[in-house]
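# Results of the structural survey
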Amino acid sequence: SSGINAEWPLRPGSQFNIIGYILIGCIFLVLGLKLKTDEIKDALRSGHVFAIAIISSLFVTGTVVAGITGQIPFDPMGQEEKISMFGPYEFRIGLLLYYTVPCTITAGIVLVAQAEGNLPMAGAVATVANVIGCYTTPILLKIFLADVEGEFDIAAVLIKLTLSILAPVIVGKLLQFIPGVPKVVKVCKRWISVVTSTCLALMLWMKVAKAVQDEAFNGVKWQSLLLLIAFVMMMCLINVIVNTFFSALLCMRHPYVRVMILMVSQKTLVMAVTLVQVLPLTLGEMGLILVPCFVAHPTQILIFSFIAPQLKQRPYDFRCPKFMPRRVIDLCEWLNQTSEANVPDFENNTVVANPAAGDPDKVEMRAVTVQPTA
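Residues numbered from 1 in each chain as written. Predicted model: local features only at pLDDT ≥ 70, side-chain atom pairs only at ≥ 80, totals over all residues. Heavy atoms only, no water.

### Some words on the overall build of the chain
- On a plain count of helices and strands, the chain comes out with 15 helices and two strands.
- Relative to its full complement of 374 residues, the chain shows a buried share of 50%.
- Sequence-distant contacts, at least 24 apart, represent 80% of the contacts inside the chain between residues at least 6 apart.
- For the chain, the computed accessible surface area is about 17900 Å², with 67% contributed by carbon and sulfur atoms. (Helix = DSSP H or I, 4+ residues; strand = E, 2+ residues; numbered from the N terminus. Buried < 20%, exposed > 50% of the residue type's maximum accessible area, 1.4 Å probe, protein only. Contact = heavy atoms within 4.5 Å. Areas by Shrake-Rupley, 256 points an atom, 1.4 Å probe, with all protein chains shown as cover.)

In structure tokens, the structure reads:
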């Protein structure tokens, strides 16, 4: 009967979202099973790089996007007729959401590996930023959307994120201490990636299908999608400029510069989709909010895939200008004295990347020892 169908959790229009939280739990349980905390200890040896990478990833980009999108004439919230070439107001919320989430995890690490950057730093930044980002992203959205009419209970959102993201990550990490679990995770790595991809795909389907059923996409102009792509390309350029500036300011060596540009400049789709699950419905149609995320994610991966080989071929170390006082120069050298110690050995080892089954944002890496020829 219609009453039974209305309560079916996977029905596109259903408000019963327990399935969504189960899918989120599966994704972050897997993240906890693969979480490596040893990289954080290595990264703290270069604490200045670690700190500025976290700050840039979590706060700088979102603030820039908030300032720019605040000047763009999107359609007003709740307006059924789509008039603006830039699209509905939900597009602005989607851009803010995507650019306030932390940096991407696996895709960023793979690009850093391809560019021969500092892998321990990349892994540590991705891990810590994604944990902290569970709390900073909703708070930033609350600040940036202060002028939006609608109830936004920040405490309720943070509680939901703690239970649906942080708790599964902790459980997954604790499971690593059970004998045999790490070995099983390693052996079943590809199948685990398939499970994660399936969970993410189901979450996307539930949100987009409901938006289609509610006719939320009616009237959205194709020019709006082209403008979204142009905006994402502009933000990629801004991110590169900002993180290059931070690299020059701290006189970073090229392994860290590659982390700042390739890892910190990108954003994670998984966290954005997860946050859409817990955001209040009063912010607008969630399917429309996800559209900028769909557009931004593959665009940024494509752009930075072209940048990574260029960084590998053209290594550049930022050094303190000679006209600076000697104490400042000595401080710069001291801050970067561990750079060489943390650089992976690419002369005798090659990092090989294999696309994970069905997941464009997850790539498996393995180290292959190369025997020197006589």
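There is more to say after this.
### Here's the deal with the packing of aromatic side chains
- Scanning all chains against the criterion turns up four aromatic pairs.
- Ring centres of Tyr 99 and Phe 231 lie 6.5 Å apart, and the angle between their planes is 65°; this geometry places the pair in the edge-to-face category. You can see Tyr 99 sitting in helix H5 (residues 89–100) and its partner Phe 231 sitting in helix H11 (residues 222–249), a full 132 residues away along the chain.
- Judged by its relative accessible area of 2%, Tyr 99 falls in the buried class.
- Ring centres of Phe 245 and Phe 246 lie 5.9 Å apart, and the angle between their planes is 50°; on these two criteria the pair is classed as tilted.
- Accessibility expressed as a relative area gives 14% for Phe 246, which makes it buried. (Phe/Tyr/Trp six-rings, centres within 6.5 Å; stacked < 30°, edge-to-face > 60°.)

### So, the confidence of the model for the chain
- With 81% of its residues at a pLDDT of 70 or more, the chain shows a mean pLDDT of 78.
- Predicted confidence in the chain is weakest over helix H1 (residues 2–6), with a mean pLDDT of 36, and strongest over H11, with 92.
- Contacts from residues 1–16, a stretch scored under 50 in pLDDT, to residues over four places away or in other chains number 22 contacts.
- Low pLDDT, under 50, characterises residues 339–374; the predicted model gives this stretch 73 contacts beyond four residues in sequence or across chains. (pLDDT = per-residue confidence, 0-100.)

### Overview of the packing of helix H4 (residues 47–69) against H11
- Their axes nearest at 11 Å, the elements H4 and H11 cross at an angle of 140°. For the element pair H4 / H11, the angle class is oblique. Of the two possible hands of crossing, H4 and H11 adopt the one that is right-handed. From H4, Ile 52, Ser 56, Val 60, Thr 61, Val 64, Val 65, Ile 68 and Thr 69 reach across to H11, where they touch Phe 231, Met 234, Met 235, Ile 238, Asn 239, Val 242, Asn 243 and Phe 246.
- Considering only residue class, the contact of H4 with H11 consists of 11 nonpolar, five polar and no charged. (Axes fitted to C-alpha atoms, helices over the stretch in contact; angles between N-to-C directions. Parallel < 35°, antiparallel > 145°, perpendicular 65-115°, else oblique. Left-handed = near helix turned anticlockwise from the far one by under 90°. Nonpolar A, V, L, I, M, F, W, Y, C, P; charged D, E, K, R; others polar.)

### With respect to the nonpolar core
- Core analysis: the largest hydrophobic core is formed by 94 residues, its most contacted members being Leu 97, Tyr 99 and Leu 262.
- No other element matches the 12 residues that helix H7 (residues 119–144) contributes to this core.
- Setting aside chain neighbours within four positions, we find Leu 262 in contact with Gly 108, Leu 111, Val 112, Ala 115, Phe 304, Ile 307, Ala 308 and Leu 311.
- Leu 33, Val 181, Val 185 and Ile 192 belong to the second-largest nonpolar core, a separate cluster that totals five residues. (Core = buried A, V, L, I, M, F, W, Y, C linked by side-chain atoms within 4.5 Å.)

### Quick word on the environment of Val 270
- Structurally, Val 270 can be placed in helix H13 (residues 269–278).
- In this structure Val 270 comes out as buried when scored by relative accessible area, which is 11%.

### Description of unusual backbone geometry
- In this structure, Glu 116 is a non-glycine residue whose phi angle is positive, near 60°.
- Inspection of the secondary structure assignment puts Glu 116 in the loop between helix H6 (106–114) and H7.
- A relative accessible area of 25% places Glu 116 in the partly exposed class.
- Even without a glycine there, the phi angle at Cys 251 is positive, about 55°.
- Within the secondary structure layout, Cys 251 lies in the loop between H11 and helix H12 (254–264).
- Overall, the relative accessible area of 4% leaves Cys 251 in the buried class.

### Description of the packing of helix H8 (residues 154–175) against H13
- Two elements in contact, H8 and H13, have axes whose closest approach is 10 Å; the angle formed by their N-to-C orientations is 125°. Accordingly, the angle class assigned to the pair H8 and H13 is oblique. Of the two possible hands of crossing, H8 and H13 adopt the one that is right-handed. Contacts between H8 and H13 involve Val 157, Lys 160, Leu 161, Ser 164 and Ile 165 from the former and Met 271, Thr 274, Leu 275 and Val 278 from the latter.
- Taken together, the residues that form the contact of H8 with H13 break down as six nonpolar, two polar and one charged.

### Observations regarding H4
- The end-to-end C-alpha distance of H4 is 33 Å, a good match for the 33 Å that 23 residues give at a rise of 1.5 Å each.
- At Ser 56, H4 shows its strongest bend, of approximately 40°. (Expected span 1.5 Å × (residues − 1). Bend = angle between axes of the 7 residues up to and from the residue.)

### Topic: the side chain of Thr 137
- Tracing the sequence through the fold places Thr 137 in helix H7.
- Among the polar contacts listed, one links the side chain of Thr 137 to the backbone oxygen of Gly 133, at a separation of 3.0 Å.
- Those residues within four positions of Thr 137 in sequence are excluded, and the remaining contacts are Leu 97, Thr 100, Val 101, Pro 102 and Leu 275. (Polar contact = N/O pair within 3.5 Å; in protein donor to acceptor, adjacent residues only side chain to side chain.)

### With respect to the environment of Val 64
- Within the secondary structure, Val 64 is located in helix H4.
- Here Val 64 is in contact with Met 235 and Ile 238, once residues within four sequence places are set aside.

### Topic: the side chain of Ser 164
- Relative to the helices and strands, Ser 164 is located in helix H8.
- A residue is classified by how much of its surface remains accessible, and Ser 164, at 5% relative accessible area, is buried.
- The contacts of Ser 164, once residues within four sequence positions are left out, are Tyr 21, Ile 24, Gly 25, Phe 28 and Val 278.

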